[in-house]
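So the chains spell out like this:
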Amino acid sequence: MNHATWPALILLLTMSIVIVVTVVSAQQGKQYFIRRIPGLSAIDEAVGRAVEMGRGILLSTGLSDGIDIITLQALAICANVASSAARYGTRVQMPVYNSAMLPIAEDTISNAYNQAGRGDAYSPDDVRYLSNQQFAYAAGVAGMIQREKFAATFLFGTFFAESLIMAENANMVGAIQVAGTPSTTQVPFFIAACDYVIIGDEYYAATAYLTRQPTLMGSIVAQDRVKIGILAMVVIGALCTTFVNPNLFKKLLADQSYPIGELLQNPKEEGK
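The present account deals with the structure reproduced in this document. The residue numbers shown here count from 1 along each chain, following its written sequence. Restriction of local features to residues with pLDDT of at least 70 applies here, the model being predicted, together with a cutoff of 80 or more for giving and counting side-chain atom pairs; totals for whole chains, interfaces and linings are based on all residues. Calculated side-chain values reflect all of the structure's heavy atoms, with hydrogen atoms and water omitted.

1. What about helix 9 (residues 214-243)?
Test applied: In DSSP terms, a helix is any run of H or I states spanning at least four residues, a strand is any run of E spanning at least two, and both are numbered starting from the N terminus. Expected helix span is computed as 1.5 Å times (number of residues minus one). Relative accessibility decides the category of a residue: with a 1.4 Å probe and only protein chains considered, values under 20% of the type maximum give buried, values over 50% give exposed, and everything between is partly exposed.
Here helix 9 is 30 residues long and its end C-alpha atoms lie 43 Å apart, about the 44 Å a rise of 1.5 Å per residue gives. Of the residues making up helix 9, those classed as buried are Met217, Gly218, Ile220, Val221, Ala222, Val226, Gly237 and Cys240.

2. Considering the environment of Val173
What counts is decided by this rule: Between two residues, a contact is recorded if the distance between any of their heavy atoms is within 4.5 Å.
Here Val173 is to be found in the loop between helix 6 (163-172) and strand 5 (176-180). Expressed as a C-alpha distance, the spacing of Val173 and Glu148, which sit 25 residues apart in the sequence, is 9.2 Å. Excluding anything up to four places from it in sequence, Val173 contacts Arg55, Ile145, Gln146, Lys149 and Phe150.

3. Focus: the pairing of strand 4 (residues 152-158)
Stated precisely, the cut-off is as follows: Two strands pair under a simple rule: DSSP has to find at least two bridges between them. For a crossover, the right-handed case is the one in which the path from the first strand over the helix to the second runs clockwise, viewed with the strands pointing away from the viewer.
With respect to burial, strand 4 is a largely interior element, seven of its seven residues being buried. Pairing between strand 1 (residues 57-62) and strand 4: five bridges, direction parallel. By the bridge assignment for strand 4, Leu59 is matched with Phe154. Bridging between strand 4 and strand 5 involves five bridges; their strand directions are parallel. When the bridges of strand 5 are listed, Thr153 appears paired with Gln177. What joins strand 4 to strand 5 is helix 6, and the crossover it makes is right-handed.

4. Re the pattern of salt bridges
To keep things clear, this is the line we draw: A carboxyl oxygen of Asp or Glu within 4 Å of a side-chain nitrogen of Lys or Arg is what we treat as a salt bridge.
A complete count under the given rule lists one salt bridge for this structure. For the salt bridge of Arg91 with Asp126, the shortest nitrogen-to-oxygen distance reads 2.8 Å. Taken as a pair, Arg91 in the loop between helix 3 (69-87) and strand 2 (92-96) and Asp126 in the loop between helix 4 (102-115) and strand 3 (127-129) lie far apart in primary sequence, 35 residues in all. Given a relative accessible area of 40%, Arg91 falls into the partly exposed group. On the basis of relative accessible area, Asp126 is assigned to the buried category, the value being 4%.

5. Details of the pairing of strand 2
With respect to burial, strand 2 is a largely interior element, five of its five residues being buried. Regarding topology, helix 3 serves as the crossover connection from strand 1 to the parallel strand 2, and that connection is right-handed. Across three bridges, strand 2 lies against strand 3 in parallel orientation. Paired with Val96 across the strands is Tyr129, a residue of strand 3. For the crossover from strand 2 across helix 4 to strand 3, the handedness is right-handed.

6. Details of the sheet that holds strand 2
Stated formally: With axes taken as lines fitted to C-alpha atoms, and helix axes fitted only over the stretch in contact, angles between N-to-C directions fall between 0 and 180 degrees.
Within the open sheet, the six strands sit side by side as 3-2-1-4-5-6. Their pairing is parallel. Only two strands of the sheet have a single neighbouring strand rather than two, namely strand 3 and strand 6 (196-198). For this sheet the average axis-to-axis angle between neighbouring strands, irrespective of direction, equals 15 degrees. Those strands touched by helix 2 (residues 38-53) are strand 1, strand 4, strand 5 and strand 6, and its axis lies near 140 degrees from that of strand 6. Contacting strand 4, strand 5 and strand 6, helix 8 (residues 201-211) runs over the sheet at an angle of about 90 degrees to strand 6.

Geometry only, nothing functional implied.
Shown next as structure tokens:
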């Protein structure tokens, strides 16, 4: 924004105000609606199936090389699943790809058990480091699936070519699968192999949907409002460019300021 013009600054200020006002109103108790996300709604179904079958649940946060927003979202979802499973005494196992994630994953799952009032049921062996090599990790997860015969698997995070190896092994043992990833190249494979898939913005809205935490709810709703506003600007800009002045929006958001009169000047008049 080093060369932002006054229209761009106004646009940025307006979006910031919308976000802040929406978040504050949510914190003050206003209830906002987020549409039902089938993949996340299926968590209780998957946990219930594991309880009925007397078999465990597998959680995986993918192949992230560091602690980023994708991994944090995956951990938040895994914590919700672990808490729900702990209430019914169902075992949860979580193989880890990145060794730096191991203590964070252990703390996340341990806290989930404590919140469910079943801290004594947590075992450190249930969260384990496998490998930081892509297919070694996939082979390790596949081996766990075949040995433990999990009733449900949750695959959330960054995935690559190993995604189908893990998903197909879970299919072989009859596990219900819920997956979510912002890796667009892997979404088609998850759709083909899994029962429920979180797609696009749903992945980033997952934490707000599951926890109903006011700040997160307000943030999601505010972002949607900003997106609607940007979409409206695109439509208005297209109409103005087509029927009013082709250069209006080009000048409005250009890297220099134009006087109001020049903004509204028709290009035909400029040539006179």
